[in-house]
Amino acid sequence: DAGVTQSPTHLIKTRGQQVTLRCSPKSGHDTVSWYQQALGQGPQFIFQYYEEEERQRGNFPDRFSGHQFPNYSSELNVNALLLGDSALYLCASSLAQPQETQYFGPGTRLLVL
Amino acid sequence: DAKTTQPPSMDCAEGRAANLPCNHSTISGNEYVYWYRQIHSQGPQYIIHGLKNNETNEMASLIITEDRKSSTLILPHATLRDTAVYYCIVRVSVPFSGQNFVFGPGTRLSVLP
């Protein structure tokens, strides 16, 4: 049973560029959430996708956008990158049912220079 | 802001039980207590969750006080591989309720040989 997978594992970009991160959920899961984790801090919720729609959003600017595909996989897009966007980006998948335990992927480490 | 309070760090001798406390004095009746851990630079790993009864699985035990204002995660025989940051989170298990996993700074557990 495949767990949550993310690609790429590491990425280096320069300020002003755009980046796309990808996530495949755990088999059978239909909901994907994205988190940003700065060095030394806990993960911060960005947004959540279910049935190809953004269902909930954290306190992140519109530069952060996402998409969910019919196969439940998801992308996180960040435009106009800032140095402060350097972080570990985590994807978590779950079922949209009462026991909504989230399972996390290994993350994508983004460095903005 | 996180609804939980945890000690910033703890030490535990290898082979002994690790008892990690968490205070959640403002927990609501429909909020579950979740525990995750994060080993250096990896994605958070789900450990256990509960509502009001004590829970046990292959990884750990969760003891929730009768008034539900605090809980303890117990790793019965800690090993060096249990060295990680442990996060205690309270959250309703209702899909798209507006709540998501809010991670605080967690407890950094060091298991010592």
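Attention here is on the structure that accompanies the text. Just so it is clear, the structure is predicted and the values come from calculations on it, not from any experiment. Residue indices begin from 1 for each chain and proceed along its sequence in written order. As a convention, the first chain written is A and the first ligand written is 1, with the rest following in written order. Selection of residues for local features in this predicted model requires a pLDDT of at least 70, selection of side-chain atom pairs for listing and counting requires 80 or more, and totals for whole chains, interfaces and linings are taken over all residues. Excluding hydrogens and water, the side-chain values take into account all heavy atoms of the structure.

1. Some words on the sheet that holds strand S7 (residues 70-75) of chain B
All names here are of chain B. Pairing is antiparallel in the open sheet, where four strands are placed in the order S2-S7-S6-S5. Looking along the sheet, the strands with just one partner apiece sit at the ends: strand S2 (18-23) and strand S5 (55-56). Where S5 and strand S6 (residues 61-64) come together, two bridges link them in antiparallel fashion. Bridging across to S6, Thr56 finds its partner in Ser61. Two strands qualify as a pair provided DSSP detects at least 2 bridges between them. Runs of E in the DSSP output that reach at least two residues are strands. Runs of H or I that reach at least four are helices, and both are numbered from the N terminus.

2. Considerations on the interface of chain B and chain A
Think of interface size as the accessible area that goes away when the parts come together; that is how it is often given. At the junction of the two partners, chain B supplies 23 residues and chain A supplies 26 residues. What gets called buried area is simply the loss in accessible area from a 1.4 Å probe that two parts show on being joined, summed for both. Each partner contributes to the roughly 1,800 Å² buried at the junction of chain B and chain A, and carbon and sulfur atoms together form 51% of this total. By definition here, a salt bridge exists when the distance from a side-chain nitrogen of Lys or Arg to a carboxyl oxygen of Asp or Glu is within 4 Å. Across the chain B-chain A interface, the total number found is zero salt bridges. Polar contacts, as counted here, are pairs of nitrogen or oxygen atoms within 3.5 Å of one another; within protein the pair requires one atom able to donate a hydrogen and one able to accept it, and residues that are adjacent in sequence qualify only if both atoms are side-chain atoms. There are three residue pairs in polar contact (both at pLDDT 80 or more) connecting chain B and chain A. Elements with a contribution of two residues or more to the side of chain B that touches chain A: strand S3 (31-38), strand S4 (45-50) and strand S8 (84-92) of chain B. Here the side of chain B that touches chain A gets four residues from one element, more than from any other, and that element is S3(B). Basically, the charged four are Asp, Glu, Lys and Arg, the nonpolar ten are Ala, Val, Leu, Ile, Met, Phe, Trp, Tyr, Cys and Pro, and anything else, Gly included, counts as polar. Of the residues belonging to the side of chain B that touches chain A, the class tally is eleven nonpolar, eleven polar and one charged. The criterion used for residue contact is that any of the two residues' heavy atoms lie within 4.5 Å.

3. Here we look at the nonpolar core
One broad rule of soluble globular proteins: the nonpolar side chains tend to lie buried together. Here, the term nonpolar core denotes a set of buried Ala, Val, Leu, Ile, Met, Phe, Trp, Tyr and Cys residues that are joined through side-chain atoms within 4.5 Å. Only protein chains enter the accessibility calculation, which uses a 1.4 Å probe; a residue whose area is less than 20% of its type maximum is buried, one above 50% is exposed, and one in between is partly exposed. Membership of the largest hydrophobic core comes to 21 residues, with the highest contact counts inside it found for Trp35(B), Leu73(B), Tyr86(B) and Leu109(B). Those elements that place two or more of their residues in this core are S2, S3, S4, S6, S7, S8 and strand S9 (107-112) of chain B. Among the elements that make up this core, the one with the highest residue count is S8(B) (four residues). Ignoring sequence-local partners within four residues, the contact set of Leu109(B) consists of Met10(B), Asp11(B), Cys12(B), Ala18(B), Leu20(B), Leu75(B), Asp82(B), Thr83(B), Ala84(B) and Tyr86(B). Core analysis: the second largest hydrophobic core is formed by 19 residues, Val4(A), Trp34(A), Val78(A) and Leu110(A) among them.

4. Here we look at the pairing of S4(B)
Residue and element names in this part refer to chain B. Burial within S4 is extensive, with five of its six residues counted as buried. Where S3 and S4 come together, five bridges link them in antiparallel fashion. For Tyr34, the partnering residue across the bridge sits in S4 and is His49. As consecutive antiparallel partners, S3 and S4 are separated by six residues, and within that stretch Ser41 has a phi angle of approximately 65 degrees, a positive value.

5. Describing the state of the cysteines
Between two cysteines, a covalent bond joining their sulfur atoms is known as a disulfide. Residues and elements named next belong to chain A. Put simply, a disulfide is two cysteine sulfurs that come within 2.5 Å. The tally for this structure, following the rule as stated, stands at two disulfides over all chains. Sulfur-sulfur distance for the disulfide between Cys23 and Cys91 comes to 1.8 Å. Residues Cys23 and Cys91 are joined by a disulfide whose S-S torsion is about -55 degrees; by sign, that bridge is left-handed. Of the two residues, Cys23 sits in strand S3 (residues 19-24) while Cys91 sits in strand S9 (residues 87-94), which places them 68 residues apart along the sequence. For the residue pair Cys23 and Cys91, the accessibility class agrees, reading buried in each case.

6. Quick notes on the side chain of Gln37(A)
Tracing the backbone through its elements, the reader meets Gln37(A) in strand S4 (residues 31-37). A distance of 2.8 Å separates the side chain of Gln37(A) from the backbone oxygen of Gln41(A), its partner in a polar contact. Within the local environment of Gln37(A), its side chain forms a polar contact with the side chain of Gln38(B), the two groups lying 2.7 Å apart. Every residue in contact with Gln37(A), bar those within four places of it in the chain, is listed here: Gly42(A), Pro43(A), Ala87(A), Leu88(A), Leu90(A), Gln38(B) and Tyr87(B).

7. Section: the pattern of salt bridges
Any two side chains of opposite charge can pair, on the condition that their charged atoms come close. Residue and element names in this part refer to chain B. Applying the stated criterion across every chain yields a total of six salt bridges over all chains. Between Glu31 and Lys3 there is a salt bridge whose closest N-O contact spans 2.7 Å. Taken as a pair, Glu31 in strand S3 and Lys3 in the segment before strand S1 (9-13) lie far apart in primary sequence, 28 residues in all. For Lys3, a relative accessible area of 38% corresponds to the partly exposed category. For Asp82, the salt bridge goes to Arg37, with nearest N and O atoms at 2.7 Å. Highlighted residues: Asp82 in the loop between S7 and S8 and Arg37 in strand S3, separated in sequence by 45 residues. Each of the two residues, Asp82 as well as Arg37, counts as buried.

In short, the description is geometric, and any link to function would need to be established separately.
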